[in-house]
Amino acid sequence: MSFREKPAPGRLLLDDTVPLTAVIEASQNLQSHTEYIIRVQRGVSSDNSWQVNAPITAGYTHLDRNCVLQVCGISLPLPPKKLIGNMDREFIAERQRGLQTYLDSITQHPLLCSSLTVKKFLDPNNYSANYTEIALQQVSMFFRSDLKWEVLEPLRDIGWRIRKKYFLIKNKEQPKERYLLSWVDLGPDKFLSDKDLQSAMKLLTSLSTPYLCPLLFSSTSESSALLIRPFSERGSLRDHICKVKPRESYLKKYCNPKKSQGLELPHIKLYGRQILEALKLLQDGGVFYGHLHASNVIVDEGVCRLMDVENGMLGVPSALRPAFTQLRKINTTESIDVFCFGHLLYEMTYGRPPDSVPVDQFPDAPYTAVVSVLQSILSTEACKSGMPSLLQLFSDVRLQHSEKLQIKVPSRLKEALKTAKESLEKRLHEEQRLLHQHRRLTRAQSHHGSEEERKRRKILARKVSRNKIHNKLTSTTTAGNMFSPSEPTKKFEKSCSGASSPPTCPSSPTPPSTTGKSVCLSSHLSDKLYVHLSLLPSVCLSLCQVKPALCQISNIIFTFESACMM
């Protein structure tokens, strides 16, 4: 976006801190190489995704070479190639797995993932512009209107922001002094009007406090800003911790520093107290910051000064935004400042930033007082319950200055800053809500697809199936009992009790029935039938209760019994 270009109405400025994820979906064989189809997604929404076709000869090798992985000191080798059989399906599948691991290592690295080369490879539509050329054009336009400044050299890649460029300049009236000019695009968190933003930048240039790096000049447009401040040859606090040269590329300086070392306890407490004083000064004045990290702290003769205080007003996202958006209790600009301070304090103590947050296992350190402060900010309990206040941290350290520091902000600007602060927090809350929903959905899907859950569902399905069969048999038994042979049994028992006496021998004649009809059966067969039929009622009743399907058979037998007794 050019210096004079106005954003289109309704256009949402891109947040470069939102992580990109890349998954290789498929591959296709072309004439001389294999092309891999990559699905890239920004954030957690699957709707914000697109495809990238990456030839292995011009894609990953190009990324590997231009990411300066060798300069960074990080070893991320590509999977091996084959001269013969490189089109075999098994080899392509194996190579695809290796390339996926390679991609994951880059997109999950805190510094490599923000590299312009990586962004341009995964999202060419949004990162195809030449930001260095755009910055040079705008700086040249500025110098034509103010002839006292002169560019000495561009400071390439000394910062991690893609849309922010640095130049070393001098004032012709003071040729020995060196100054740092920075050009930056306005970000998605810019909620101040253009008029209020100009007033806020004018306020910052008028500040003169011991713990804020002075801003000498500022100029804002509808889409970008230009800033001039003194240049520190000693570099930032991170340069001091990593023991590197300030003008080198940030990837070379910070990706894999060889000589990084934590500070001594007196320096940790002194620097920490000075930084806390600067944060409190900004908060009391209604100026939101949120950009505290070791590269934004300048140490000059034992005094720490914060840089880039204007970043919050310009709307550029914080470097630690991917970390604190995961923690719902960090939902105000004040809590963001405390969280960033804990991150910085960890780096001052151990010589490197924490790998991830929350941190529950701290490496051994000789400073128990510092570890207790770190636990109050970075532990799981602290991240769930909330951040401590600034006044609770390093309250025992006394500073040299005695006067009370304050920033006098005009009432109209203070109200505008308050409204912008609320809008910034509202966007943060919405992003945290979406992340929370995504995590819950992911956990539910993971639990649903686990082996234990599958076994549990199978056992439950078997129980339900058995219950259904049992209920069906019970209903069938109830229906069978409605047609039980109770009446034929009663008739049989009544007829048996009405007879004078049972026959005593096979030759005895069969007694006549009460109806006067004789039974047309031989006496021997009649005796056997009488004995067997006398046992049928109880047997058939039991069978009806055990197996309803025999009810029909028992009814037929009872019908035959009744016919025989008539």
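Our structure's up above, just so we're on the same page.
From a predicted model like this one, the values you see are computed outputs, not experimental measurements.

### A closer look at the overall build of the chain
Here comes step 1: Within the chain, the secondary structure is distributed over 19 helices and 10 strands.
Here comes step 2: Out of the 566 residues belonging to the chain, those deemed buried represent 43%.
Here comes step 3: Across the chain, every contact between residues at least 6 apart in sequence was considered, and the portion connecting residues at least 24 apart equals 63%.
Here comes step 4: Summing over all exposed atoms, the chain offers an accessible surface of approximately 31600 Å²; the carbon and sulfur share of this is 54%.

### Considering helix H15 (residues 411-449)
Here comes step 1: Look at H15: 57 Å from first C-alpha to last across 39 residues, which is about the 57 Å you get at 1.5 Å a residue.
Here comes step 2: Those residues of H15 that fall on the buried side of the exposure criterion are Leu413, Ala416, Leu417, Ala420, Lys421, Leu424, Glu425, Leu428, Gln432 and Leu435.
Here comes step 3: Structurally, H15 contributes buried residues whose contacts are with helix H6 (194-206), helix H10 (311-314), helix H11 (321-324) and helix H12 (333-350).

### Focus on the sheet that holds strand E6 (residues 174-185)
Paired through backbone hydrogen bonds, the strands of a sheet run either parallel or antiparallel to each other.
Here comes step 1: Strand order in the open sheet made by the five strands is E4-E5-E6-E8-E7, with antiparallel pairing throughout. With partners counted over all chains shown, the strands left at the sheet margins are strand E4 (149-155) and strand E7 (217-220), one partner each. Sheet twist, expressed as the mean angle between neighbouring strand axes with direction ignored, is 25°.
Here comes step 2: As defined by bridge partners, strand E5 (residues 164-171) adjoins E6 across seven bridges and the pair is classed as antiparallel. Following the sheet pairing, Phe167 is matched in E6 by Leu181.
Here comes step 3: Against the sheet, H6 engages E7 and strand E8 (224-230), with an angle of about 175° to E7.

### Some points on the nonpolar core
Here comes step 1: Core analysis: the biggest nonpolar cluster contains 76 residues, and Leu292, Leu306 and Phe341 have the highest contact counts within it.
Here comes step 2: Ranked by residue count, the leading element in this core is H12, at 10 residues.
Here comes step 3: Counting residues in hydrophobic clusters, the runner-up holds 27 residues, among them Tyr36, Cys72, Leu112 and Cys242.

### Concerning the pairing of strand E3 (residues 49-55)
Within a regular beta strand, the side chains point alternately toward one face of the sheet and then the other, so they alternate between its two faces.
Here comes step 1: Side-chain alternation along E3 places Trp50, Val52 and Ala54 on a buried face and Ser49, Gln51, Asn53 and Pro55 on a face that remains uncovered.
Here comes step 2: Two strands pair when backbone bridges link them, and strand E2 (residues 34-42) and E3 are joined in this way by seven bridges, in the antiparallel orientation. Bridging across to E3, Glu35 finds its partner in Pro55.
Here comes step 3: Hairpin connection from E2 to E3: six residues lie between these consecutive antiparallel strands, with Gly43 at a positive phi of about 75°.

### With respect to the pairing of E8
Here comes step 1: Summarising burial for E8: six of the seven residues are buried, a large majority.
Here comes step 2: With seven bridges joining them, E6 and E8 adopt antiparallel strand pairing. Bridge pairing in E8 places Asp185 opposite Ser224.
Here comes step 3: With four bridges joining them, E7 and E8 adopt antiparallel strand pairing. Bridge assignment links Ser219 to a residue of E8, and that residue is Leu226.
Here comes step 4: Hairpin geometry of E7 and E8 is characterised by an intervening segment of three residues between the two adjacent antiparallel strands.

### Let's talk about the sheet that holds E2
Here comes step 1: Ordered by their spatial adjacency, three strands build an open sheet running E1-E2-E3, and the pairing between neighbours is antiparallel. Of all strands in the sheet, those bounded by a partner on one side alone are strand E1 (20-29) and E3. Each strand of the sheet is rotated relative to its neighbour by a mean of 25°, with strand direction disregarded.
Here comes step 2: The strands touched by helix H3 (residues 89-107) within the sheet are E1 and E2, with E1 carrying the most contacts at an inclination of about 160°.

### Notes on the pattern of salt bridges
Here comes step 1: Per the counting criterion, the structure on display carries 26 salt bridges.
Here comes step 2: One salt bridge in this structure joins Lys190 and Asp194, with 2.9 Å as the shortest N-O distance.
Here comes step 3: One salt bridge in this structure joins Glu425 and Lys421, with 2.8 Å as the shortest N-O distance. Placement of both Glu425 and Lys421 in helix H15 is noted, with a separation of four residues, approximately one turn of the helix. Considered together, Glu425 and Lys421 belong to a single accessibility category, that of buried residues.
Here comes step 4: Members of the salt-bridge network, linked through shared partners, are Asp15, Asp189, Arg321, Arg427 and Glu431.

### Digging into the packing of aromatic side chains
Here comes step 1: Tallied over the entire structure, the rule returns six aromatic pairs.
Here comes step 2: Between the aromatic rings of Phe142 and Phe143, the centroid separation amounts to 5.4 Å while the plane-to-plane angle is 45°, which identifies the pairing as tilted.
Here comes step 3: Classification of Phe142 as buried rests on a relative accessible area of 11%.
Here comes step 4: Note on Tyr346 and Phe362: the rings are 6.3 Å apart at their centroids and 45° apart in plane angle, and the pair reads as tilted. One end of the pair, Tyr346, is in helix H12; the other, Phe362, is in the loop between H12 and helix H13 (368-378), with 16 residues separating them in the sequence.

### Remarks on the packing of H12 against H13
Here comes step 1: Remark: H12 packs on H13, axes separated minimally by 9 Å, with the N-to-C direction vectors making an angle of 145°. As H12 runs across H13, the sense of the crossing is left-handed. From H12, Val338, Phe339, Phe341, Gly342, His343, Leu345, Tyr346, Thr349 and Tyr350 reach across to H13, where they touch Val370, Val371, Val373, Leu374, Ile377 and Leu378.
Here comes step 2: Residues that form the contact of H12 with H13 fall into these classes: 12 nonpolar, three polar and no charged.

### Quick word on the packing of H12 against H15
Here comes step 1: Two numbers describe how H12 lies on H15: the axes approach to 10 Å, and their chain directions differ by 70°. Taken as axis vectors, H12 and H15 run roughly perpendicular relative to one another. Residue-level inspection shows Thr333, Glu334 and Ile336 of H12 in contact with H15, the latter providing Lys421, Leu424, Glu425 and Leu428.
Here comes step 2: Residue composition of the contact of H12 with H15, by class: three nonpolar, one polar and three charged.

### Remarks on unusual backbone geometry
Here comes step 1: Of note, the amide linkage connecting Val357 to Pro358 takes the cis form, showing an omega dihedral of 5°.
Here comes step 2: Mapped onto the fold, Pro358 is located in the loop between H12 and H13.
Here comes step 3: One non-glycine residue with positive phi stands out, namely Lys243, at about 55°.
Here comes step 4: Its location among the elements puts Lys243 in the loop between helix H7 (237-242) and helix H8 (250-254).
Here comes step 5: The phi dihedral of Glu301 is positive, around 55°, even though this residue is not glycine.
Here comes step 6: Structurally, Glu301 can be placed in the loop between strand E9 (297-300) and strand E10 (303-306).

Each value, and the rule that gives it
Residues numbered from 1 in each chain as written. Predicted model: local features only at pLDDT ≥ 70, side-chain atom pairs only at ≥ 80, totals over all residues. Heavy atoms only, no water. Helix = DSSP H or I, 4+ residues; strand = E, 2+ residues; numbered from the N terminus. Buried < 20%, exposed > 50% of the residue type's maximum accessible area, 1.4 Å probe, protein only. Contact = heavy atoms within 4.5 Å. Areas by Shrake-Rupley, 256 points an atom, 1.4 Å probe, with all protein chains shown as cover. Expected span 1.5 Å × (residues − 1). Pairing = 2+ DSSP bridges. Axes fitted to C-alpha atoms, helices over the stretch in contact; angles between N-to-C directions. Core = buried A, V, L, I, M, F, W, Y, C linked by side-chain atoms within 4.5 Å. Salt bridge = Lys/Arg side-chain N within 4 Å of Asp/Glu carboxyl O. Phe/Tyr/Trp six-rings, centres within 6.5 Å; stacked < 30°, edge-to-face > 60°. Left-handed = near helix turned anticlockwise from the far one by under 90°. Nonpolar A, V, L, I, M, F, W, Y, C, P; charged D, E, K, R; others polar. Parallel < 35°, antiparallel > 145°, perpendicular 65-115°, else oblique.

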